[in-house]
Amino acid sequence: MATPQEKFAEALLTLKELQEKGGSAIYTAEIPNRSQREILVKNGFIKEVSKGWYISS
């Protein structure tokens, strides 16, 4: 089982990959792992701007 630090690192890697694609908005389906999405929101790396849509913050 992954430690909290490993889960956090995986979530950041997912976000980095999405940012490298160049898009400004992130749709929920682009981060299919719900726990990663929740980690990123909780720690302020992304914020929800509309139902199912996020931006990097």
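Quick note: structure is the one above.
Let us look at the structure shown here. (Residues numbered from 1 in each chain as written. Predicted model: local features only at pLDDT ≥ 70, side-chain atom pairs only at ≥ 80, totals over all residues. Heavy atoms only, no water.)

Another aspect to go through is the overall build of the chain. In terms of helices and strands, the chain carries two helices and three strands. Put simply, the chain runs from its N terminus to its C terminus through helices and strands in the order α-β-α-β-β. With respect to the principal axes defined by its C-alpha atoms, the chain has extents near 30 × 20 × 20 Å. Looking at the chain as a whole, 23% of its 57 residues are labelled buried. Accessible area of the chain: about 4,200 Å², with a carbon and sulfur share of 54%. Averaged over its 8 positive side-chain charges, the chain has a centre that lies 6 Å from the centre of its 7 negative ones. (Helix = DSSP H or I, 4+ residues; strand = E, 2+ residues; numbered from the N terminus. Buried < 20%, exposed > 50% of the residue type's maximum accessible area, 1.4 Å probe, protein only. Areas by Shrake-Rupley, 256 points an atom, 1.4 Å probe, with all protein chains shown as cover. Lys, Arg positive; Asp, Glu negative; His and termini not counted. Charge placed at Lys NZ, Arg CZ, Asp CG, Glu CD.)

Right, let's talk about the sheet that holds strand 1 (residues 25-27) for a bit. Across the sheet, which stays open at both edges, the three strands sit in the order 1-3-2 with antiparallel pairing between neighbours. The open sheet terminates on both sides in strands that have one partner only, identified here as strand 1 and strand 2 (46-50). Across the sheet, the mean angle separating the axes of adjacent strands is 40° when strand polarity is ignored. (Pairing = 2+ DSSP bridges. Axes fitted to C-alpha atoms, helices over the stretch in contact; angles between N-to-C directions.)

Among the residues of helix 2 (residues 34-42), those classed as buried are Q36, R37, I39 and L40. Seen along its axis, helix 2 keeps its buried residues to an arc of 160°; they face one direction. Facing away from the buried side of helix 2 by over 90 degrees, the exposed positions are R34 and K42. Close packing links the buried residues of helix 2 with helix 1 (4-20), strand 2 and strand 3 (53-56). In the stretch just after helix 2, G44 is the one whose phi turns positive, near 80°. (Arc of directions from axis to C-beta. Contact = heavy atoms within 4.5 Å.)

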